[in-house]
2 protein chains.
Amino acid sequence: MLKDWIKADRPSDEEIAERLKTARFELNARQMAIKEKKLPVLVIMDGWGGAGKGGVLGKVIKNLDPRFYKTETLGKPSEDEKRRPFLYRYFVRIPEAGQFSFFDGSWMDELTRARLQGDMDKEQYHRHLTSIKRFERTLSDNGYLCVKFFFHISKNEQKKRLKELEEDKDTSWRVEKWDRWQNSHYDECMDVYDEYLEATNQFVAPWYFIDSKNRKWAELQVTELLVRSIDTALKNIGHSATVLQNTFPLKRMPALSEIELDLALSDEEYARELKDLQERLAELHNKIYRKKIPVVIAYEGWDAAGKGGNIKRLTAALDPRGFEVHPIASPEPHEKNRHYLWRFWKRLPKDGHIAIFDRSWYGRVMVERLEGFCSENDWQRAYNEINEFEKELDDWGAVIVKFWVQIDKDTQLARFTDRQNTPEKQWKITDEDWRNREKWDLYEDAVDEMIKKTSTDYAPWFILESNDKHYARIKALRTVIEEIEKKL
Amino acid sequence: MLKDWIKADRPSDEEIAERLKTARFELNARQMAIKEKKLPVLVIMDGWGGAGKGGVLGKVIKNLDPRFYKTETLGKPSEDEKRRPFLYRYFVRIPEAGQFSFFDGSWMDELTRARLQGDMDKEQYHRHLTSIKRFERTLSDNGYLCVKFFFHISKNEQKKRLKELEEDKDTSWRVEKWDRWQNSHYDECMDVYDEYLEATNQFVAPWYFIDSKNRKWAELQVTELLVRSIDTALKNIGHSATVLQNTFPLKRMPALSEIELDLALSDEEYARELKDLQERLAELHNKIYRKKIPVVIAYEGWDAAGKGGNIKRLTAALDPRGFEVHPIASPEPHEKNRHYLWRFWKRLPKDGHIAIFDRSWYGRVMVERLEGFCSENDWQRAYNEINEFEKELDDWGAVIVKFWVQIDKDTQLARFTDRQNTPEKQWKITDEDWRNREKWDLYEDAVDEMIKKTSTDYAPWFILESNDKHYARIKALRTVIEEIEKKL
């Protein structure tokens, strides 16, 4: 599509100057609208080396108050970033509501460069393309404006510019080896870029090509397109996005009411199994560390189901340098101002490490759904968004274990009463627990729907029958061990 | 993506039988929900020859009342269809609200077959891919559920089935030459299908692969997926779709208030020019007929601006066998029950013919917007939908001319008064005209926005200054002639 692109006629210098004055003024005026309407704006600047992205970016941000934007230079991933899922470094940098983020370079650069350098096979390339399409779409679905610019210059123009930069010793450092390689392989790059641009030219995040031969003209195109894009996005504020069809293969799961809860272990069995399994898990922890396999474990379950004690038996077997437990409470303001999965992306482990989530991203389809903390459209969309999120973890090679810790209503009552009557346990029980208990049936419906819709074959739910806590702990250990072993 | 697809484990025959009973019952139950909620459902069945699409389709419709569905067998385009835009034969067949349409074969077949047979170059292929993506998306945006199945069998299975069909003289007619070609070029077909499936696997209309080795299992997969898709679509009823960013290059156009209306022609000039231009147009009409160039002309303008008289001067020059005038009033019930562009797709001419629309698809962003006949989201989305529609006409090679017939408010008043006072003109003036006149300023804003947002470089608006009707008529003739000449 870049190849077939017909450059718009460049206006006269006078017209450019005139329109630029208007456009700069309008962009400046938009920042208050963005702030008020809490619109997050992600601006991506890709293009040929030497096409002048940096220069235009410098001009554009001059119209903005520094409190309203961040700029990010996304070169090659760092060593730390290489140990995270592909989208990690991009997802953690998305803007807050009401703010701009300008990315100088993006996932396009990472993907096409790897392709051109032969570092990525076709299958991996296509998997990452799918991730990118999902990423851009879920941002849009969650109210983000994503504007993508590709700065275009011809082969000769690039050659000329690189030469000029190199000949001046003040600017020669700006020409990388990669830029020269790009120029001498211009046609090959064009083919790869063209294919990428076509594949990622989504309706919700289309590409704009910027004719970058003339700097002021490039700035004008970018500024006018930004203003127009913001105006369109402001019209979409409050619109709900389509609930997508599920396309992930799902396991058929039982309803909570069908789960047998009379499973139990004797004290001796428990003690013996606990010791054996913890030893086994400790060994595996070393192996996954050496093989750089990431492990993500999520716990969800009824209040007083025994999540905490269960997690303790797991961590007791682990080397403290290789795991982290993340207790998840309600989001903080800076977290609420971003895509609801942002705070979980931020907490993802490095490869070879284990992250245990005590409550998780499933809050969206349980407490947030039932307490009205998000719209119905938000939680309806979340099943797919969560399946997509976990697919990123799966693509990364992670062991994913999701536990639902199940007890019956009578057991919960007994444990609540015990907590209330035992001074050293009283901190564990609050009025909220009693209020939640009243909504047991609503929660049960929500959990049934959640388990049905998010038990993908790459990240199914595991039910821990926890009327007998011993039984649940042993099953959790065994499940984690089995799932790790599958990946070794 | 078909290549990497991992077939779900086929359940036992008993489980299939059991689940099929449930799924059939559920599908049957859904037809009333669809009717009530006015959901239109388009089901597309593509796949390998001999994979059993027809058999499954036969089973699926057994669960439905014939009043609720239509089936369409889409083989190769007919001679008439070949003379229309690429999407024509598909767009005119979309279901009514509350109904199913089952397509046995689709645009996939047309596109991939042409590609495999070498009848289509890469550029045209990509242009059609874009059309398909827009088509499926605009259906979804307008409340359609579009479910796409690809029936998959292995090369050997296909070979075996074709042989069986051929050996039985009752069924041998069903095996086409194309099916045998497909089997002997299975891998080549697979590559082309895979690329197509990947490119058209949209979030709003994803592909489902059906493991078709076992017929009952294929039916079960289709039936269960249909039920699930319908349930998701029912949740989306009433959701508004995202207003997309404009990506079409736009011409900068004046506001109506900036248009000079004191342009006029003397009677002699008018008479001379009219004669010359009508003769020229008559010649051109023959040329476009021979060269099979389609012409689409749309008239919009103020009441009493002189549209009718203007159109007459155009048609006076034309051979009646080669043009049609379509007066556009409010849509009829069967038109209202479909995508709002459907009735215009239906009225598109054959190539070499001229269609003149007296009022047009722009009603959406004028009268429907101002009278509340559609939602704000509907008309906000329409600018892009219309640009996409006209892009289809442009891709087809059509001459597209859109006239806005402009007069000032005083001129309208004078003409209204004249109509009222002249018995033979009284039929031309209604209370509605007076009511519309009261909304002049609102209409003017809407028209300014429309002209600004839909003057693409391939289908710009032409303003006819019509305070002097003679001037406007001559300008219309001259414009049509110029635009036709550009395409010759």
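Keep in mind it's a predicted model, so treat the numbers as computed, not measured.

Asker: I'm lost on the overall build of chain A in this one. Help?
Answerer: Broken down by element type, chain A carries 20 helices and 10 strands. Overall size of chain A, expressed as C-alpha extent along the three principal axes, is 85 × 45 × 40 Å. Counting all 488 residues of chain A, 38% fall into the buried class. Restricting to contacts in chain A with at least 6 residues of sequence separation, those with at least 24 account for 84%.

Asker: I'm lost on the sheet that holds strand β3 (residues 100–104) of chain A in this one. Help?
Answerer: The strands making up a sheet are joined through hydrogen bonds of the backbone, oriented either antiparallel or parallel. Residue and element names in this part refer to chain A. The strand order across the open sheet formed by 5 strands is β2-β3-β1-β4-β5, and the pairing between neighbours is parallel. The sheet is open, and its two edges are formed by β2 (69–73) and β5 (207–211), each paired on a single side. Pairwise comparison of adjacent strand axes, ignoring direction, gives a mean angle of 20° for this sheet. As paired elements, strand β4 (residues 145–152) and β5 share 5 bridges and run parallel to each other. Within the sheet, the bridge partner assigned to F151 lies in β5 and is I210. Contacts from helix α2 (residues 53–61) reach β1 (41–47), β2, β3 and β4 within the one sheet, and its direction differs from that of β3 by about 165°.

Asker: So what exactly am I meant to see when it comes to the relation of the copies chain A and chain B here?
Answerer: One copy of the chain maps onto the other through a rotation about an axis followed by a shift along the same axis. Least-squares fitting of chain A to chain B yields an RMSD of 0.0 Å, with the transformation described by 0.0 Å of translation along the axis and a rotation of 180°. Accordingly, the operation relating the two chain copies is best matched by a two-fold axis. In this assembly, 100% of the residues forming the interface of chain A have copies in chain B that are likewise at the interface, indicating an isologous arrangement.

Asker: Is there a simple way to explain the packing of helix α1 (residues 13–37) of chain B against helix α10 (residues 215–236) of chain B in this structure?
Answerer: Packed helices, taken two at a time, are described by the angle their axes make and the gap between the axes. All names here are of chain B. Axis separation between α1 and α10 bottoms out at 9 Å; the angle between their running directions is 35°. Crossing angle aside, the handedness with which α1 passes α10 is left-handed. Contacts from I16, R19, L20, A23, R24, E26, L27, R30, A33, I34 and K37 in α1 reach K216, W217, E219, L220, T223, E224, L226, V227, I230 and L234 in α10. Residues belonging to the contact of α1 with α10 are distributed by class as follows: 12 nonpolar, 1 polar and 8 charged.

Asker: Got a minute to help me understand the nonpolar core in this structure?
Answerer: In this structure, A:L42, A:V43, A:L145, A:V295 and A:I297 are the most contacted members of the largest nonpolar core, which totals 113 residues. With residues up to four places along the chain from it excluded, the contact list for A:L145 reads A:L39, A:V41, A:L42, A:S229, A:I230 and A:A233. B:A304, B:Y362, B:W461 and B:I484 belong to the second largest nonpolar core, which has 111 residues in total.

Asker: I would appreciate a short explanation of the domain arrangement of chain A in the present structure.
Answerer: Interfaces are often sized by the accessible area lost when the parts come together. All names here are of chain A. The assigned domain composition of chain A is domain 1 (13–236) and domain 2 (256–487). Here the C-alpha centre of domain 2 lies 39 Å away from the C-alpha centre of domain 1. Taken residue by residue, the interface counts 19 residues in domain 1 and 17 residues in domain 2. Those elements that place two or more of their residues in the side of domain 1 that touches domain 2 are α4 (88–91) and α6 (122–141). Of the residues forming the side of domain 1 that touches domain 2, the biggest block, 6 residues, is contributed by α6. Across the side of domain 1 that touches domain 2, the residue classes tally to 9 nonpolar, 3 polar and 7 charged.

Asker: I would appreciate a short explanation of the environment of B:Y88 in the present structure.
Answerer: Residue and element names in this part refer to chain B. Considering the arrangement of structural elements, one finds Y88 in helix α4 (residues 88–91). Here Y88 falls in the buried class, since 20 other C-beta atoms lie within 10 Å of it. Between the alpha carbons of Y88 and K346 there is a distance of 7.8 Å; along the sequence they are 258 residues apart. Ignoring anything within four residues of it in the chain, the contact list for Y88 reads E81, W345 and L348.

Asker: What's the story with the interface of chain A and chain B in this structure? I'm lost.
Answerer: Taken together, the contacts link 23 residues of chain A with 23 residues of chain B. At the level of elements, α6, α10 (215–236) and α16 (376–396) of chain A are the ones that each hand at least two residues to the side of chain A that touches chain B. Counting residues per element, the side of chain A that touches chain B draws most heavily on α10(A), which supplies 5 residues. The class makeup of the residues in the side of chain A that touches chain B is 8 nonpolar, 12 polar and 3 charged.

Asker: Would you take a moment to explain the sheet that holds strand β6 (residues 295–301) of chain B for this structure?
Answerer: All names here are of chain B. Spatially, the 5 strands line up as an open sheet ordered β7-β8-β6-β9-β10, and their pairing is parallel. Two strands lie at the open edges of the sheet, namely β7 (323–327) and β10 (461–465), each paired on one side alone. The sheet shows a mean angle of 20° between the axes of neighbouring strands, direction not considered. As defined by bridge partners, β6 adjoins strand β8 (residues 354–358) across 5 bridges and the pair is classed as parallel. Paired with Y299 across the bridge in β8 is D358.

Asker: Any chance you could explain the environment of A:K475 here in plain terms?
Answerer: Residues and elements named next belong to chain A. Assignment of secondary structure puts K475 in helix α20 (residues 469–487). Of the residues examined, K475 has 21 C-beta atoms within 10 Å and is grouped as buried. Each C-alpha atom, one on K475 and one on W396, is 26 Å from the other, the two residues being 79 residues apart in sequence.

Asker: Honestly, the packing of helix α7 (residues 155–167) of chain B against helix α8 (residues 177–184) of chain B in this entry has me stumped. Any pointers?
Answerer: All names here are of chain B. Where α7 contacts α8, the two axes come as close as 10 Å, and the packing angle between them is 150°. Judged by the angle between their axes, α7 and α8 are roughly antiparallel. Read as a crossing pair, α7 and α8 show a hand that is left-handed. Side by side, α7 and α8 meet where K155, Q158, K159 and L162 of the first sit next to D179, R180 and N183 of the second. Partitioned by chemical class, the residues of the contact of α7 with α8 number 1 nonpolar, 2 polar and 4 charged.

Asker: What's the story with the confidence of the model for chain A in this structure? I'm lost.
Answerer: Any residue range with low pLDDT should be treated as having predicted coordinates unsuitable for detailed reading. Summing up the model confidence of chain A, the mean pLDDT is 95 and the portion of residues at 70 or higher is 100%. For this predicted complex, the interface confidence reaches an ipTM of 0.88, while the overall pTM sits at 0.93.

Asker: Help me understand helix α12 (residues 307–315) of chain B, please; the structure alone is not making it clear to me.
Answerer: An α-helical turn contains 3.6 residues, so a residue and the one three or four places further along point in the same direction. Buried within α12(B) are the following residues: B:K307, B:N310, B:I311, B:R313 and B:L314. Buried positions in α12(B), seen along its axis, are confined to an arc of 160° and lie on one side of it.

Asker: Can you help me understand the environment of A:E96 in this one?
Answerer: All names here are of chain A. Turning to its location among the elements, E96 is positioned in the loop between α4 and β3. A residue is classified by how many C-beta atoms lie within 10 Å of it, and E96, with 17 of them, is partly exposed. Residues E96 and L42, 54 residues apart in the sequence, show an inter-C-alpha distance of 9.6 Å. Not counting residues up to four positions away in its chain, the partners in contact with E96 are P40, H334, N337 and R338.

What counts, and at which threshold
Residues numbered from 1 in each chain as written. Chains lettered and ligands numbered in written order. Predicted model: local features only at pLDDT ≥ 70, side-chain atom pairs only at ≥ 80, totals over all residues. Helix = DSSP H or I, 4+ residues; strand = E, 2+ residues; numbered from the N terminus. Buried ≥ 20, exposed ≤ 12 C-beta atoms within 10 Å, placed from the backbone. Contact = placed C-beta atoms within 7 Å. Pairing = 2+ DSSP bridges. Axes fitted to C-alpha atoms, helices over the stretch in contact; angles between N-to-C directions. Least-squares fit on C-alpha atoms with pLDDT ≥ 70 in both. Left-handed = near helix turned anticlockwise from the far one by under 90°. Nonpolar A, V, L, I, M, F, W, Y, C, P; charged D, E, K, R; others polar. Core = buried A, V, L, I, M, F, W, Y, C linked by C-beta atoms within 7 Å. Domains from an automatic or database assignment. Parallel < 35°, antiparallel > 145°, perpendicular 65-115°, else oblique. pLDDT = per-residue confidence, 0-100. Arc of directions from axis to C-beta.

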